[in-house]
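Close look at the chain arrangement
Residues per chain, in single letters:
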Amino acid sequence: MKVTSFLGLVISGLAMIFGCLSLATNSLEAYPVPILCALFLALTALFIDIKLSRKETKLSIIFVAALTLISAVILRILPLYLHGFNFNGVIHRSIISAILLIGLGVPAMCFSLLYLLGATPKAYDISRYPLLVLPICIVLAVYAMIIFKIIAAGVPRLNWALLVTPFKYQIWDVEVWQNGWPNFVSKTVQQIGLLNSILGTFMLMGLTALISLPIGIGVGIFVHQYARPKLGGVIRFSSTALRAISGIILAITALSLAHVVNNAFHDTFLNYLVQGFGYYGNGTMLTGRSSFLFASLFVSLLVIPVIARSTEEGLKSLPKDIMEGSLAVGASEEHTLTHISLPWSLPNIVTGLVLGCAEAAGALSIIFLMSGAGELGVNPLSETTSLAYFIFDCRFGTQMGDVVETYMGSYQYTAAFVLLVITIGLTVAALIMKNKLAKRYKGAC
Amino acid sequence: MQKDIIFKKRKSRWSGLKIVAFILAFIPILALSGIIMSLVLNSRVAIHTAGWSLLSDTYKPGFQGSYGLLGAVWGTFLITLVAIIIATPVSLFLAVLANDFSIGFLSAIIRWTLGVLSGIPPIIFAAMAPVFFELFIWPKFAGKGLSEPALLKMAPYSALPLDGSTLLGGILLALLIIPFLAPLFDDAIKNVSHTLKEASFSLGANRWHTLMNVTLPSAISGISSAIMMGILTAMGESVIVAFAVGFKLDSIPTPLFDILKRTAPLTTVIVGFSAGGFTPISNGPLLFSIGNFAGLMLLLVAFTILGISTYLQNRFKKRLIS
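Residues numbered from 1 in each chain as written. Chains lettered and ligands numbered in written order. Predicted model: local features only at pLDDT ≥ 70, side-chain atom pairs only at ≥ 80, totals over all residues.

1. Some details on the overall build of chain B
Each helix and strand in chain B was counted, giving 15 helices and 2 strands. Every one of the 322 residues in chain B was classed for burial, and the buried ones make up 49%. (Helix = DSSP H or I, 4+ residues; strand = E, 2+ residues; numbered from the N terminus. Buried ≥ 20, exposed ≤ 12 C-beta atoms within 10 Å, placed from the backbone.)

Structure below.
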């Protein structure tokens, strides 16, 4: 039985490898039919072997074997390109052969692994690993491909000058006196760089943190400490809902609000506050689509629930002994909260804040209706810009009437790489903090 | 219990901290009601002008035209379906591998990997859409190897997936929600009480049978509420969809499950309508208002799903306590 099951293991492994490769390339169309035939023979041999040596009739094996034979016949009959039923595409046969090879290779490998290891209960558990591991491997390979692609396409174009120059494309007329006559000469400033986008990302993160930190902590304290269960439930539901509803809904609300402000307070400071403004190269003031302050108000609606939840978790995790000790020596409830509970939950809050910052750095769905290329500088009252928006601009810039796509379109993977470094760095920092926290709880209890 | 008794006796007074926390705690409620009010107020024009034609199939703008959003609703359904079908088994396998089937450091490695992957923002996946198209969709679904005359003979040649399709968007969305879904599944499976599992082991069941017959059935409400959250995330995502499907509203595809067509979902239709030139005025007040109406529809669906998910979670908690 060892020989036949080993044969089955090898052939089903081959089938799985070819199935995965068929997902990636079109050029392996000669192999699936022979492999399926071999798989059929191996499974039949395994079935007969089990029948002879163990006196068992394993119908499931012969069922899979029959499926293998049928699918080999189907693959042999199918043309190379499939189309019809008014379906919007021409499907290559390799996608079907990949599905069949993986779908039949996995059960075949499970069977052969089971009988190779002697069909014990432990072998049964081990034989289920191919089923669990294969899809995970495919997906992880896809993630690895994405990260590799970003590094391979982004890093070669990355240099120091790119990181410290702001993107600028401005044309204006300058009055020059020639022979006693005024003459207008067009002046062009054209720079390629990522500085304003990077600074804008940090500005957005900082403002969002400033706005959402007090509110998030307040919500967490109120829900945990003061609220009656029903009110707490309502607050918790609404802050969960803020995260769960689409970011685009927040964006369209922000757009309507900006619209209302623009109509009611045209040409006043409030309107500039909402729209954001900057100065062009020749000194004229330009208003944008929305300022950092206004955008971060709406981004912080996404971050508040994260901070609130982590504050609540931190307050909840305070060991009862510590709080009772504080109450026993006569501290008031408020004193306990500010001197015992909040310091205890500080690491939780910081973890939530860091995760929230990572969220704000990548939160494009809210700001992509109200950002610009960031040519006019980065301060809380200038037009919103961020790396995420810059990547968006590299693809849709022409549609939105700016020149980023023309001049910086080839740098989108560089921007993606910088953004990836920032967000993954923040996330890893939060993860490390979380793990340290888990250890602290063990020490306390 | 003891904590409650202590706090009941000293009834909390209105100190300054409590007032501040009270005011701050109402900001989420205010924001949510403000959003709902803004959507309702702004969609008045659409309901008044277009009326029931908002819920029809075809989109033909113009005088007394029909502004049907049904295609967008179907697009949302399709793209969410593709994403969930791809993401759920993989996330479930990851969660199982991190819990019951872990060997050595495997569970720690899986959790760290998921943590790191969850830090990838959606725009990165969105920027990958052309790469995925070039490497996967074009060779497999668009007849790359066929010659021009052979392609011309085929009926749907004019409608081949040019650079975006629901399938592409669904795959990228699945990549986005796997790191989000897997920890939720992980929690659901981890919270199954040990006594149940040990009873199963003591009766002689192996790990696989315990998983299939004890762990997964008792984690089912946690798992289904996690899937609901995944559906919400996939449904509300707009950046990936913008890159992979596009902004243009279309009617329902003719074979109903034609995932190789561009069927823009509600999120990008909102963007396309309310901000065609990316300013509210450029498309006119009617289309802006229709965008708001689409947002209202999305919000209603999201609230329904959120309600179901909250109900399931509460049931889950009750079962754990009992």
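2. Brief notes about the overall build of chain A
On a plain count of helices and strands, chain A comes out with 18 helices and 6 strands. Relative to a compact globule of 445 residues, whose C-alpha radius of gyration would be 22 Å, chain A shows 31 Å and is clearly more extended. Considering only intrachain contacts with a sequence separation of at least 6, the fraction spanning at least 24 residues in chain A is 72%. (Rg over C-alpha atoms; globule rule 2.2 N^0.38 Å. Contact = placed C-beta atoms within 7 Å.)

3. A closer look at the confidence of the model for chain A
Overall, the prediction assigns chain A a mean pLDDT of 85, with 99% of residues at 70 or greater. Mean pLDDT across the elements of chain A bottoms out in helix α17 (residues 404-408) of chain A (78) and peaks in helix α6 (residues 129-154) of chain A (91). (pLDDT = per-residue confidence, 0-100.)

4. A word on the pairing of strand β4 (residues 181-191) of chain A
Regular strands show a simple pattern: their side chains alternate between the two faces of the sheet. With 0 of its 11 residues buried, β4 of chain A lies for the most part at the surface. Here strand β3 (residues 168-178) of chain A folds back onto β4 of chain A, and the loop between the two strands holds 2 residues, one of which, N179 of chain A, carries a positive phi near 55°. (Pairing = 2+ DSSP bridges.)

5. Describing the packing of helix α8 (residues 195-226) of chain A against helix α14 (residues 333-362) of chain A
Residues and elements named next belong to chain A. Interhelical geometry of α8 versus α14 gives an angle of 140° and a closest axis separation of 9 Å. One way to sum up the angle between α8 and α14 is to call them oblique. In this structure, α8 crosses over α14, and the sense of that crossing is right-handed. Across from T201, L204, M205, T208, A209, S212, L213, I217, I221 and Q225 in α8, the residues of α14 making contact are L337, I349, L353, G356, C357, A360 and A361. (Axes fitted to C-alpha atoms, helices over the stretch in contact; angles between N-to-C directions. Parallel < 35°, antiparallel > 145°, perpendicular 65-115°, else oblique. Left-handed = near helix turned anticlockwise from the far one by under 90°.)

6. Re the interface of chain A and chain B
Each partner contributes residues to the interface: chain A has 82 residues there, and chain B has 85 residues. No other element matches helix α18 (residues 412-444) of chain A, which puts 10 residues into the side of chain A that touches chain B. The class makeup of the residues in the side of chain A that touches chain B is 55 nonpolar, 20 polar and 7 charged. (Nonpolar A, V, L, I, M, F, W, Y, C, P; charged D, E, K, R; others polar.)

7. Some details on unusual backbone geometry
Most peptide bonds adopt trans geometry, and most residues besides glycine take a negative phi value. Residues and elements named next belong to chain A. For K55, which is not glycine, the phi torsion reads 60° and is therefore positive. For K55, a count of 7 C-beta atoms within 10 Å gives the class exposed. The backbone of N179 shows a phi angle near 55°, a positive value even though the residue is not glycine. Topologically, N179 is positioned in the loop between β3 and β4. On the basis of neighbour count, N179 is assigned to the exposed category, with 5 C-beta atoms found within 10 Å.

8. Quick notes on the nonpolar core
Counting 189 residues, the largest nonpolar core has L172 and A294 of chain B as its most contacted members. Here this core takes 18 residues from helix α4 (residues 70-98) of chain B, the largest share from any one element. The two domains that each donate at least three residues to this core are domain 1 (2-156) and domain 2 (194-444) of chain A. When near neighbours in sequence (up to four residues on either side) are disregarded, A294 of chain B contacts L69, A72, L266, V269, I270 and F273 of chain B. The next biggest cluster of nonpolar side chains, apart from the first, holds 30 residues, and it includes F47, I61, L104 and L113 of chain A. (Core = buried A, V, L, I, M, F, W, Y, C linked by C-beta atoms within 7 Å. Domains from an automatic or database assignment.)

9. Some details on the environment of F293 of chain B
Residues and elements named next belong to chain B. Tracing the chain through its elements places F293 in helix α15 (residues 284-321). On the basis of neighbour count, F293 is assigned to the buried category, with 25 C-beta atoms found within 10 Å. The sequence separation of F293 and L54 amounts to 239 residues, and the corresponding C-alpha distance is 8.8 Å. Residues contacting F293, with those up to four places away along its chain left out, are S43, A46, I47 and L54.

10. Focus on the environment of A429 of chain A
All names here are of chain A. With respect to the helices, strands and loops of the structure, A429 is situated in helix α18. With 17 C-beta atoms packed within 10 Å, A429 lands in the partly exposed category. A sequence separation of 390 residues divides A429 from L39, and the C-alpha atoms of the two residues are 48 Å apart.

11. A word on the packing of α4 of chain B against helix α5 (residues 106-117) of chain B
Residue and element names in this part refer to chain B. At a minimum axis distance of 8 Å, the contact between α4 and α5 shows a crossing angle of 140°. For the element pair α4 / α5, the angle class is oblique. Residues L94, L97 and A98 of α4 touch α5, and the partners they reach there are L106, S107, I110, R111 and L114. Here the residues of the contact of α4 with α5 are counted per class, giving 6 nonpolar, 1 polar and 1 charged.

12. Let's talk about the pairing of β3 of chain A
Residues and elements named next belong to chain A. A small share of β3 lies buried, amounting to 0 of its 11 residues. As paired elements, β3 and β4 share 11 bridges and run antiparallel to each other. Bridge pairing in β4 links W177 to P182.

13. Here's the deal with the environment of Q170 of chain A
Residues and elements named next belong to chain A. Within the secondary structure, Q170 is located in strand β3. Q170 sits in the partly exposed class, given 14 other C-beta atoms within 10 Å. Distance in space between the C-alpha atoms of Q170 and Q190 is 6.6 Å, their sequence separation being 20 residues. Dropping the residues within four chain positions of it, Q170 is found in contact with V189, Y280, G281 and E375.

14. Focus on the domain arrangement of chain A
Residues and elements named next belong to chain A. The domain boundaries assigned to chain A delineate domain 1 (2-156) and domain 2 (194-444). For domain 1 and domain 2, the distance between their C-alpha centres works out to 46 Å. Listed per partner, the contact involves 5 residues of domain 1 and 5 residues of domain 2. Looking at the side of domain 1 that touches domain 2 residue by residue, the classes come out as 4 nonpolar, 1 polar and no charged.

15. Structural notes on α5 of chain B
Between its first and last C-alpha, α5 of chain B extends 16 Å over 12 residues, near the 16 Å set by a 1.5 Å rise per residue. Those residues of α5 of chain B hidden inside the fold are in contact with α6 of chain A together with α4 and α9 (166-190) of chain B. (Expected span 1.5 Å × (residues − 1).)

16. As for helix α1 (residues 2-24) of chain A
Residue and element names in this part refer to chain A. Helix length check: α1, at 23 residues, gives a terminal C-alpha distance of 33 Å against a target of 33 Å (1.5 Å per residue), a fit within 8%. Looking at α1, one finds that the buried residues are T4, S5, G8, L9, I11, S12, A15, M16, G19 and S22. Considering only its buried residues, α1 is in contact with α2 (32-53), α4 (93-116) and α6.

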